[in-house]
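One-letter residues, chain by chain:
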Amino acid sequence: VLSVMGGFTTDIKQHLLNLQAHIEIISSEKGKQIPESSALIEKVKSFSNEIVSISPYQSGDVILQVGNKGQMARLEGIEPSLAENILNIQKFLSNGIDLSILKRKIPAENILNSDLFPTVIIGHDLMISLGLNIGDSLTLVSTVPDDGPGGIAPSQFPVVIAGTINSGS
């Protein structure tokens, strides 16, 4: 039993460390984002020779909308070229894609004469539960309303699923 539990613990730690940065720097003010700055990145790098890489990111809650279905999800926005050096997630991505796909715009396979849309990588199980396939479009709906020309309303952003991630956990 100890051997099985030891293997389980090692597996869980490996999954967590592959999908999350080892250190996260956040603002002391709740909800405030630290503006991206090359000077700040260089300053943080100067703290130690053991810092391998730094990658700014954003995250927040969104609603994934497909037709009349909606699903809450966590959106993680990354810079693909920098995140590849930090996150070891290539082995968890669906066949044939890498993070650079996030820099492309592609047409949606489920929309006739589709425009080009930004791409996302979503969890495999989430894609299945929404009844979608790679290449299908969905709408990201912000959970924080914006003050727009028509009053306060959530932002909506159409995207195409370029691939899936399956960490096996």
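Our subject in this report is the structure included herewith. These numbers come from a predicted model, not from an experiment.

Each value, and the rule that gives it
Residues numbered from 1 in each chain as written. Predicted model: local features only at pLDDT ≥ 70, side-chain atom pairs only at ≥ 80, totals over all residues. Heavy atoms only, no water. Helix = DSSP H or I, 4+ residues; strand = E, 2+ residues; numbered from the N terminus. Buried < 20%, exposed > 50% of the residue type's maximum accessible area, 1.4 Å probe, protein only. Contact = heavy atoms within 4.5 Å. Areas by Shrake-Rupley, 256 points an atom, 1.4 Å probe, with all protein chains shown as cover. Patch = residues over 30% accessible without salt bridge, like charges linked within 9 Å, V, L, I, M, F, W, Y side chains within 5 Å. Salt bridge = Lys/Arg side-chain N within 4 Å of Asp/Glu carboxyl O. Core = buried A, V, L, I, M, F, W, Y, C linked by side-chain atoms within 4.5 Å.

Counting secondary structure elements, the protein contains 4 helices and 6 strands. If you list the helices and strands of the protein from N to C, you get α-α-β-β-α-β-β-α-β-β. Per-residue burial for the protein yields a buried fraction of 26% across its 169 residues. Put simply, 54% of the contacts in the protein that link residues at least 6 apart link residues at least 24 apart. About 11,800 Å² of surface is accessible on the protein, with carbon and sulfur atoms providing 55% of the total.

A few words now on a nonpolar patch on the surface. A cluster of nonpolar side chains, contributed by I23, I25, I34 and L40, occupies part of the molecular surface with about 390 Å² of accessible area. With respect to the helices, strands and loops of the structure, I34 is situated in the loop between α1 (2-19) and α2 (38-45). Judged by its relative accessible area of 38%, I34 is partly exposed.

What follows deals with the side chain of S137. Within the fold, S137 resides in strand β5 (residues 137-148). With near-sequence residues (within four places) excluded, S137 lies in contact with A108, N110, I111, L132, V159 and V160.

Let us now look at the environment of L64. Topologically, L64 is positioned in strand β1 (residues 57-66). Note on L64: relative accessible area 4%, which makes it buried. A C-alpha to C-alpha distance of 9.8 Å links L64 and L75, two positions 11 residues apart in sequence. When near neighbours in sequence (up to four residues on either side) are disregarded, L64 contacts K69, G70, Q71, A73, L126, L130, L138, T139 and L140.

Let us now look at the pattern of salt bridges. Under the definition given, this model contains 4 salt bridges. Between E42 and K45 there is a salt bridge whose closest N-O contact spans 4.0 Å. One end of the pair is E42 and the other is K45, both in helix α2 and 3 residues apart, which spans about a single turn. Note on K45: relative accessible area 37%, which makes it partly exposed. Where E76 meets R74, a salt bridge forms, and the shortest distance between an N and an O atom there is 3.9 Å. The network of salt bridges with shared partners includes D61, R74 and E76.

To continue, consider the nonpolar core. Among the nonpolar cores identified, the biggest contains 13 residues, and L64, L132, L138, L140 and I161 are the most heavily contacted of them. Where this core is concerned, the elements lending two or more residues are β1, β4 (116-123), β5 and β6 (151-165). Per element, the largest residue contribution to this core is 3 residues, and it comes from β1.

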